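If you want the building blocks of each chain, they are given just below.
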4 protein chains.
Amino acid sequence: MNIAIIGYGYWGPNILRNFSEREDCTVKIVCDTREERLKVAKKSYPSINTSLKYQDALSDSDIDAVCVVTPVYMHFEIAKKALASGKHVLLEKPMTSTVAQAEELIKLAGRENKILMVDHTFLYTGAVREIKSIIDSGNIGSLQYFDSTRINLGLFQADINVLWDLAPHDLSILNFILKEKPVSVNATGISHTGNGLVNIAYLTLNYQSNFIAHLNCSWTSPVKIRQILIGGSEKVILYNDVEPSEKVKVYDTTYKIKSGTDESKHSLLVDYRVGDIYIPKLDKTEALAGITEDFVMSIKTGKKILGDMYAGLEVVRILEAAEKSLKNNGKEIKL
Amino acid sequence: MNIAIIGYGYWGPNILRNFSEREDCTVKIVCDTREERLKVAKKSYPSINTSLKYQDALSDSDIDAVCVVTPVYMHFEIAKKALASGKHVLLEKPMTSTVAQAEELIKLAGRENKILMVDHTFLYTGAVREIKSIIDSGNIGSLQYFDSTRINLGLFQADINVLWDLAPHDLSILNFILKEKPVSVNATGISHTGNGLVNIAYLTLNYQSNFIAHLNCSWTSPVKIRQILIGGSEKVILYNDVEPSEKVKVYDTTYKIKSGTDESKHSLLVDYRVGDIYIPKLDKTEALAGITEDFVMSIKTGKKILGDMYAGLEVVRILEAAEKSLKNNGKEIKL
Amino acid sequence: MNIAIIGYGYWGPNILRNFSEREDCTVKIVCDTREERLKVAKKSYPSINTSLKYQDALSDSDIDAVCVVTPVYMHFEIAKKALASGKHVLLEKPMTSTVAQAEELIKLAGRENKILMVDHTFLYTGAVREIKSIIDSGNIGSLQYFDSTRINLGLFQADINVLWDLAPHDLSILNFILKEKPVSVNATGISHTGNGLVNIAYLTLNYQSNFIAHLNCSWTSPVKIRQILIGGSEKVILYNDVEPSEKVKVYDTTYKIKSGTDESKHSLLVDYRVGDIYIPKLDKTEALAGITEDFVMSIKTGKKILGDMYAGLEVVRILEAAEKSLKNNGKEIKL
Amino acid sequence: MNIAIIGYGYWGPNILRNFSEREDCTVKIVCDTREERLKVAKKSYPSINTSLKYQDALSDSDIDAVCVVTPVYMHFEIAKKALASGKHVLLEKPMTSTVAQAEELIKLAGRENKILMVDHTFLYTGAVREIKSIIDSGNIGSLQYFDSTRINLGLFQADINVLWDLAPHDLSILNFILKEKPVSVNATGISHTGNGLVNIAYLTLNYQSNFIAHLNCSWTSPVKIRQILIGGSEKVILYNDVEPSEKVKVYDTTYKIKSGTDESKHSLLVDYRVGDIYIPKLDKTEALAGITEDFVMSIKTGKKILGDMYAGLEVVRILEAAEKSLKNNGKEIKL
């Protein structure tokens, strides 16, 4: 299978390396508008072609699949042309800048009978797959909350705000582990950049059931925190992604409300249980290797993809609503 | 000076011990509606009187000052009667259940010419005083954000939600270190208790200037986190209160936006600076000793109190607005 | 039972509090040569007698038991007189300054038919009891090593070196969890104090079996480390005593040597297994409450003590040998 | 400059990458006795020649310099032949298996007028260079101790024990930061491997001055610790190499002995000072890039090397003495 990579910035080299390591794939061409980035690609992989124009990849009938690793605002145009040129498409997250664009691409992929996949890398990590299996086992009880802090001194993006940059990780995980979708969102935040794009944002997702999700995203923290708490009625999972080896901890610690309140409304009987902690061993396979495997195998054999184009759409739908809430002073926006 | 302590639950023993250690104070009586709590007080301090009725403390003309360490819903009634009986009053945080109550107590204290103080303990810690002095020095630059996570497996309260329980710490610190007051709030949250009181809540405080504050409060985390990031344009302070000895870290790490965006709106020039970190030595004096000192000295000499009754009122004002926002699906509530 | 406490320095108040909290004990008298320390005791417990002369405690026939909480060099003389006066004796660790002294006290206790106990507090912690039960369960496999780091900015002692001060904790734990005794020791160290007493010391304990123990003790580290690794052939225990709540971690991680070496002596086949980690919940009862319980119950009912006088003697025996090794440039000293 | 790399195991690829990234160097050939390792090299760098016989590199007159990245027992033979063939030589650490071998190579390098360098990588890290500059500034006061813990689940070596594998890092750092050399060593340890090579070892280095160094090395810990404390009379440095970004901490915390002891020998006046902590920003350049720069520039221009062949010899001298002490039950071995 011949692959083209369009966009060779921060993430492109990882995509290139992972496809190159596969026996069944050849990366034929890397495209980027910056000459110096093409030189970098060429230095590592001298046999690869490069071009300043992504159209060169689309017009090459040898190319089977295209990876779009550009800024978000270019995703739609390139993916649309690629699908129309009969290529399978792997899109960086987030899928597109709007729900309408994502829906149009999905329709087009269906019409052209091509694979359209979004690179929600986290779904392929050992940590998230372990979390998914713990939740599916039922031992954690009914889910009560998801609380994520994803902050560091980040690379300020010029075309998207911090939610579009960081929240897709959490939103794709949420969609992956939960059986229900959020019914509404509230978002607050602030911009210190002068371009109106918030660099600190707080997003609450409300659900039909008694579950809540909250995301704290920032590009302006000198401390890097990548921490998610997933609370169940029986156990709580702590997922700390900056821990080198003990990323997932399962706490057998919870509470039970024994009575709502007495008649005087001034007492509440609660049973607290503090128990053991369990740190499961995680598979350390690189997540991107799972992405390339799913992409290639879904093209070859129709294998089901973990985070498919519909999952990509759901993420964009929430981000669009969050942006609307941000512009309306945190007002609840129905989904 | 003769002191009465009304309420001898979780915090009462600390108040008792701190007043007992002062040469210039005698705790004459401890009141609580639970016989077994009075026994506990008596065992440690055999010479202290106890009573099941707090009125015994108010009617004793030898008592100069009363500490109200009861659940919040009783603060107003007891404090009002105490002031009316000519006693100075130290109230546990939060001051009262409503803004109206706090305002009435302030008026009454003025009329009776008595000291009315709220126990905002954190203002007296070495950590917060160091943070205040760093900010006042100007080295941190202009303040940009305050981001607090205050979660653990907490004691569920029956008369107040998690914000009324935990947020007063952050709100009193915010009032202490900032020159401006918030103009509005948004709050979201969820109740898993069956009594409608949220046990997880997220509160955003909006300001006139380009500053934002956010609080993440929960009684349902098996991990105890007490962490505040205070971001300035030049430096960022990390205050981690569960660290035994390195609670305050000052990061000389920031960014500068060199240009908003170029004409194409797709680039942003940012200068990142990652520098040294500094961990100042902190005064380890117990915070409550500062509270009792300020309370006693303000009675004796009129010494200015760090967090006075007006500060207590501000905290209640924000909590009342937050509760309104919670009930209105996160809607922005003006202050 | 009437108790006398001789010595009221750093540890004395804890002993006093723990005996005072027992229904079946009354602390009648506290003795110390420093007037100001007696005042401190009197302030907290006004009903207790105090004296500058410990002989007052020994000559009082109402006193059943004496706790010796003085510097080590006074242990022998006071304990000897106390036993001779018909009192039961609880000695602070280490038991005595020499093996000869410990042996004489043990003989005397036998002759007088009195309880002689050493306060090896750590044996009564939830952490050490959990470790003991893990090892006894056999799941850890055969023990291979014990590696302790016990360093901080400590209180320099004037009569004993850092090993006599800090190593008793590790040595009593070792005696408690191991079925065998060391056959020899090597110790190295250095003194920066001008009095020849080492303030940094390294102690290796050699055993008949394929087990080794090593202690790193220092009074001169600004960082406080209290960490013990106990390696088994199947699992490894990490005991980190400065962790507030996750003190004991059990790693299901080991290696197996599949073949010694091949004929060329240049290869070694090793199977590495990295598995889950388990953090057991620990009993949080104060360790000293276990000490006082064992002391009192052994007097009353003959209950077996966890760390008895023979355990105390073993610790002194190792310390004496370690000191000899220190003075002989780390030479192996047989036990 | 044309480079040959002999040995392509764990470390070889890093050497290859670093020389390849230099404009002034070409890696012409990689040699290894294992066909599959040569394939790995070829896959990443298709233009490089490979050979199963290192003699092919030595006999190629185009080759200017040889990097020996083999097991230690082969260092001497290969390096000797390489020098004799007129090549400059970069040796992996430790330099050789014996002092005699190291001395012979040094003589040979002198005679042949070739550069002979040892890859003591740590000297080129931002952390160690910062530590060196702090010590050289004099602010840390007179050095008192060096205490290193270097343990993890390591790759058991078949030809050398754990000290020869791990201690060279600490020993080269010690030689780098200290003005004096150790006068003797004591080493203890244990072998669980069946081949007599210790996998846990403790090494004390004794000095003429009032300084001590101690190394705790193990291949059998499930926890990875890379921590060095360097104590001075004024400040203490903590170097924690597993910390991702805060590797070096400088503690302004010390003690001063005010009087040795009083006449009764039972008191010691000590002034403790607990101060601020400072975490300097470190240069993040890859250490190996410094190695290749020094190697190449010393060949080209005679630039002085940080850790030269004499430094390599000193490390071997200590290791040889340590091994002798290990075999003599920890006996002090003079250097």
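Scroll up to find the structure this text is about.
Since the structure is predicted, the reported quantities are computational estimates derived from the model, not experimental observations.

## With respect to helix 6 (residues 126-137) of chain C
Then comes step 1: Helix length check: helix 6 of chain C (twelve residues) gives 16 Å between terminal C-alpha atoms against 16 Å at 1.5 Å per residue, within 8%.
Then comes step 2: Just downstream of helix 6 of chain C lies C:Gly138, where phi reads positive at about 85°.

## Digging into the relation of the copies chain C and chain A
Then comes step 1: Expressed as a screw transformation, the operator carrying chain C onto chain A has a rotation angle of 180° and an axial translation of 0.0 Å, and the superposed copies differ by an RMSD of 0.0 Å. Read as a symmetry element, the transformation amounts to a two-fold axis. When C-alpha positions in chain C are compared against the rotation axis, the closest is assigned to C:Tyr278, at 2.4 Å.
Then comes step 2: In this assembly, 100% of the residues forming the interface of chain C have copies in chain A that are likewise at the interface, indicating an isologous arrangement.

## Describing the pattern of salt bridges
Then comes step 1: Under the defined criterion, the tally for this structure stands at 100 salt bridges over all chains.
Then comes step 2: Two residues, A:Glu332 and A:Lys334, come together in a salt bridge whose shortest N-O distance is 3.9 Å.
Then comes step 3: A relative accessible area of 65% places A:Lys334 in the exposed class.
Then comes step 4: When the shortest N-O distance is used, the salt bridge between C:Asp283 and C:Arg129 registers 3.6 Å. Of this pair, C:Asp283 sits in the loop between strand 16 (277-279) and helix 8 (287-301) while C:Arg129 sits in helix 6, placing them 154 residues apart in sequence.
Then comes step 5: The class of C:Asp283 is partly exposed, set by a relative accessible area of 41%.
Then comes step 6: Taken together, the shared-partner salt bridges connect A:Glu234, A:Lys235, A:Asp252, A:Lys256 and A:Arg273 into one network.

## Details of the interface of chain C and chain A
Then comes step 1: Each side of the interface is counted separately: chain C has eleven residues, and chain A has eleven residues.
Then comes step 2: Buried area between chain C and chain A, both sides added, is near 980 Å², and the carbon and sulfur share of it is 44%.
Then comes step 3: Remark: the boundary between chain C and chain A carries two salt bridges.
Then comes step 4: Of the charged contacts, one joins A:Lys249 and C:Glu246 as a salt bridge, the two residues approaching to 2.6 Å between their closest N and O atoms.
Then comes step 5: Taken together, the elements giving at least two residues each to the side of chain C that touches chain A come down to strand 13 (248-251) and strand 16 of chain C.
Then comes step 6: For the side of chain C that touches chain A, the element with the highest residue contribution is strand 16 of chain C, accounting for three residues.
Then comes step 7: The residue makeup of the side of chain C that touches chain A, split by class, is six nonpolar, one polar and four charged.
Then comes step 8: Pairing between strand 16 (residues 277-279) of chain A and strand 16 of chain C: three bridges, direction antiparallel. Note that in strand 16 of chain C the partner of A:Ile279 across the bridge is C:Ile277.

## Points about the relation of the copies chain A and chain B
Then comes step 1: Mapping chain A onto chain B leaves a residual RMSD of 0.0 Å; the transformation is a rotation of 180° accompanied by 0.0 Å of translation along its axis.
Then comes step 2: A shared binding surface is used by both copies, with 100% of the interface residues of chain A retained as interface residues in chain B.

## Brief notes about the sheet that holds strand 4 (residues 65-68) of chain D
Residues and elements named next belong to chain D.
Then comes step 1: The sheet built from six strands is open, its strands ordered 3-2-1-4-5-6 with parallel pairing. Looking along the sheet, the strands with just one partner apiece sit at the ends: strand 3 (49-51) and strand 6 (116-119). Ignoring strand direction, the axes of neighbouring strands in this sheet form an average angle of 20°.

Rules of the game
- Residues numbered from 1 in each chain as written.
- Chains lettered and ligands numbered in written order.
- Predicted model: local features only at pLDDT ≥ 70, side-chain atom pairs only at ≥ 80, totals over all residues.
- Heavy atoms only, no water.
- Helix = DSSP H or I, 4+ residues; strand = E, 2+ residues; numbered from the N terminus.
- Expected span 1.5 Å × (residues − 1).
- Least-squares fit on C-alpha atoms with pLDDT ≥ 70 in both.
- Contact = heavy atoms within 4.5 Å.
- Salt bridge = Lys/Arg side-chain N within 4 Å of Asp/Glu carboxyl O.
- Buried < 20%, exposed > 50% of the residue type's maximum accessible area, 1.4 Å probe, protein only.
- Buried area = accessible area lost by both parts, 1.4 Å probe.
- Nonpolar A, V, L, I, M, F, W, Y, C, P; charged D, E, K, R; others polar.
- Pairing = 2+ DSSP bridges.
- Axes fitted to C-alpha atoms, helices over the stretch in contact; angles between N-to-C directions.

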